[in-house]
Each structure stands twice: as C-alpha cells, then as structure tokens.
Amino acid sequence: MLARESADISAMIGLIGTQDFGGALDRMLRSVASFDLSVAFAYPYDKRPIVLHDGYTAKVSASALSAYLGGAYLLDPFYVACSGGQPAGLWRMRELAPDQFFHSDFSSSAEVHPCISMESGVLVEEIGFVIPLDDQVQATYSLMRGRGGTPFTDEELERLRIYEPIVREAVRSNWRQQSEAVAAAPRDDDAIETAFDSLCAERLTRQQRNIVRLILRGHSNLSIGKTMNIAEGTVRIHRKNIYRRLGISSQGALFRIFIDHLNRRQIY
C-alpha cells in the first residue's frame, strides 16, 4: 500500500508543469477515495476564473461550463469563500454554502452549474481543496460524486486531509510555472462582482441589489438580515418590493433575470 501511494505521489510530482498534471493529481487521490468528476479553478481578483484542471469535459455540457466561466461562478460557494479569504484546507461545499443554497436555482440548474448537466443527474456531493496561490489569487480543486453514489464519509475526508499539504504545494508549484501566461491575460472587470452592481440598476436601489446578490447566492431572509444587520421582517418587505419592481413573483424568475443580464453583457 505504501509503495503504491509513494509511486502515485512521485508520478504526480514528476508531471507538475505539464498538461498531464491534473490527471496525475486525480489518480493520486483516487487511491484514497473514489470520485466521479474533478475540476480545479483559479479565481483571480480582476479576471474570470481560470481552468487549471478539467476532469469532467467528457461528461458535462460545454455550454454549462461556458456559462459558469462567464459569470455564474459569482454564485458558487467556493468562489465566494475564496474571494472572502477562506483558509486553506479541504471543505465540504455544504460547510461553505448559505443556509438555503441547496434550494437555490444555481445549485440545480444545468444551464450554469457544469456538474449538474451530467446525463445521470445531479451531484450527490462536492468537496474542495481551497488553495492560496498568491496575494491576488485563490484556487479550488473540487472532487464530486454523482447520483447513484454516496456522500464522502468522514473517514474518507480524514484520509484526504492527510494529502492536503501535498495537494496544496503541488498546485502552487504548477501555478508558478503557468502564472506568467495568466498574468498576461486581459482584465475582465465586467465578469467579477460588478455584474451585480449593474443588475437592474435602473429599477433597484443599491441596498436592494445587495439583497438580490444574497438571495441569488442562497441566503434565507433570516441569513440576509444577519448579514446586513436588518430585521428579517424588513428583508421580507424588501424582497416583496424587489419582485414588484421587476414584475416577477418568484426567486426562479429573479435567477432568470440574472442569467439574461450576464448574456446581454456578453460575459461569455
């Protein structure tokens, strides 16, 4: 067992900086816990996400991945955690997500969440390594199990956490060998948080747009109230006024407006 683990680790190290690095990383961790899909994104502060490793192209919709990279990532709990300075480590998505996230349209939409568009259906669970790359960039390396499987057990997570320092330093080393090309990429300010600021700006106040941001990310009225330091009842009133101003009656319709907004701005 130790000999196989050592071989997997040494093979992965030998492929740092090559196109085969991500596959070697997957093979190393599959000896610890099985998973169906994997992906690694870097989240630069002023650019759209960068795909560091694509472990699901053959199984998901290309349009869904395009939509995610084009702006829907703004609703991803891993992106939000990285932009908020989440400490390095291995996390279950449900540990980072707002209280109503898994009832949100983003978490179940094949249109914008790449992993949901699998032919077999929705994911059972997603876990991710959060990896600081430099002062302006955080990354996540996610492992996912699809329908028909089971969530990762606590024992599996503990085994994976033993590998966390190896994963972190390997991804950081791989990034250092690629970062010059990434740094040369053009800025894409419209694809970051400013997309929310211009959402229905002619019809909603700044406070209402901030509430929309939290609604779309999966916060309940109670969670929004705590985040914004206002009463839950006040949030309900704001939500009612937002829907009235936009001529809608549901959170699903609000989500549709957000996706259409991204399309009009040609973020992807």
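Being a predicted model, the structure only gives us computed values, none of them experimental.

### Some details on unusual backbone geometry
Trans is the common state for peptide bonds, and a negative phi is the common state for residues other than glycine.
Alright, step 1. For N229, which is not glycine, the phi dihedral falls at a positive 60°.
Alright, step 2. Tracing the backbone shows N229 in the loop between helix 11 (221-228) and helix 12 (232-246).
Alright, step 3. The class of N229 is exposed, set by a relative accessible area of 71%.

### Considerations on the nonpolar core
Alright, step 1. Of all hydrophobic cores here, the largest spans 47 residues; its most connected members are F41, Y56, L216, L246, L254 and F258.
Alright, step 2. Ranked by residues supplied to this core, first place goes to helix 13 (residues 251-264) with six residues.
Alright, step 3. Leave out the neighbours within four places in its chain, and L254 touches V212, I215, L216, Y243, L246 and I248.
Alright, step 4. Counting 31 residues, the second largest nonpolar core, distinct from the first, contains I16, L29, A40 and I50.

### Notes on the environment of Y73
Alright, step 1. Relative to the helices and strands, Y73 is located in the loop between helix 3 (62-70) and helix 4 (77-83).
Alright, step 2. What makes Y73 buried here is its relative accessible area of 1%.
Alright, step 3. Between the alpha carbons of Y73 and Y43 there is a distance of 9.6 Å; along the sequence they are 30 residues apart.

### Here's the deal with empty space enclosed by the protein
Alright, step 1. For the structure shown, the criterion picks out two cavities of 30 Å³ or more.
Alright, step 2. Computed from the structure, the second largest cavity encloses a volume of approximately 60 Å³.
Alright, step 3. Sorting the residues of the lining of the second largest cavity by element identifies helix 2 (21-30), strand 2 (50-55) and helix 8 (164-183) as the ones contributing at least two each.
Alright, step 4. Per-element accounting of the lining of the second largest cavity gives the leading share, three residues, to helix 2.
Alright, step 5. Partitioned by chemical class, the residues of the lining of the second largest cavity number five nonpolar, three polar and no charged.

### Overview of the sheet that holds strand 4 (residues 123-134)
Consider a sheet: its strands pair through backbone hydrogen bonds, and that pairing is either parallel or antiparallel.
Alright, step 1. Pairing is antiparallel in the open sheet, where five strands are placed in the order 2-1-5-4-3. If you trace the sheet from one side to the other, it starts and ends with strand 2 and strand 3 (89-92), each paired once. Averaged over all pairs of adjacent strands, the angle between strand axes in this sheet comes to 15°, irrespective of strand direction.
Alright, step 2. The pairing of strand 4 with strand 5 (residues 137-146) spans ten bridges and is antiparallel. Counterpart to I131 in the pairing with strand 5 is A139.
Alright, step 3. The sheet strands contacting helix 3 are strand 1 (37-44) and strand 2, and the helix crosses strand 1 at an angle near 25°.

### Things to note about the side chain of R92
Alright, step 1. If you trace the backbone, R92 turns up in strand 3.
Alright, step 2. Look at R92 and you get buried, because its relative accessible area is 5%.
Alright, step 3. Ignoring sequence-local partners within four residues, the contact set of R92 consists of E125, E126, I127, F152, T153, D154 and L157.

### Comments concerning the packing of helix 11 against helix 12
Alright, step 1. Two numbers describe how helix 11 lies on helix 12: the axes approach to 8 Å, and their chain directions differ by 110°. Taken together, the axis directions place helix 11 and helix 12 in an arrangement best described as roughly perpendicular. For the pair formed by helix 11 and helix 12, the contact residues are N221, L222, I224 and G225 on the first element and E232, V235, R236 and R239 on the second.
Alright, step 2. Across the contact of helix 11 with helix 12, the residue classes break down as three nonpolar, two polar and three charged.

### Digging into the pattern of salt bridges
Alright, step 1. Summed over the entire model, instances satisfying the criterion amount to ten salt bridges.
Alright, step 2. Put simply, E125 and R92 hold a salt bridge, and the shortest N to O gap is 2.8 Å. In this pair, E125 is assigned in strand 4 and R92 in strand 3, connecting sequence segments 33 residues apart. With respect to burial, E125 and R92 carry one shared label: buried.
Alright, step 3. Of the charged contacts in the structure, one is a salt bridge between R168 and E169, with a shortest N-O distance of 3.5 Å.
Alright, step 4. Note on R168: relative accessible area 22%, which makes it partly exposed.

### Quick word on helix 10 (residues 206-216)
Alright, step 1. With eight of eleven residues buried, helix 10 lies mostly within the body of the structure.
Alright, step 2. Taken together, the buried positions of helix 10 are Q208, R209, I211, V212, R213, L214, I215 and L216.
Alright, step 3. Downstream of helix 10 by one or two residues, G218 has phi in the positive range, about 100°.

### Quick look at the confidence of the model for the protein
Alright, step 1. Across the protein, pLDDT averages 83, with 84% of residues at or above 70.
Alright, step 2. Of all secondary-structure elements in the protein, the lowest mean pLDDT belongs to helix 6 (residues 105-108), at 70, while helix 7 (residues 154-162) reaches the highest, 97.

Calculation rules
- Residues numbered from 1 in each chain as written.
- Predicted model: local features only at pLDDT ≥ 70, side-chain atom pairs only at ≥ 80, totals over all residues.
- Heavy atoms only, no water.
- Helix = DSSP H or I, 4+ residues; strand = E, 2+ residues; numbered from the N terminus.
- Buried < 20%, exposed > 50% of the residue type's maximum accessible area, 1.4 Å probe, protein only.
- Core = buried A, V, L, I, M, F, W, Y, C linked by side-chain atoms within 4.5 Å.
- Contact = heavy atoms within 4.5 Å.
- 1 Å grid on protein atoms, 1.4 Å probe; cavity = no way out; pocket = protein on both sides within 12 Å on 5 of 7 lines; lining within 4 Å.
- Points joined across faces, edges and corners; volume = space filled by probe spheres on them.
- Nonpolar A, V, L, I, M, F, W, Y, C, P; charged D, E, K, R; others polar.
- Pairing = 2+ DSSP bridges.
- Axes fitted to C-alpha atoms, helices over the stretch in contact; angles between N-to-C directions.
- Parallel < 35°, antiparallel > 145°, perpendicular 65-115°, else oblique.
- Salt bridge = Lys/Arg side-chain N within 4 Å of Asp/Glu carboxyl O.
- pLDDT = per-residue confidence, 0-100.

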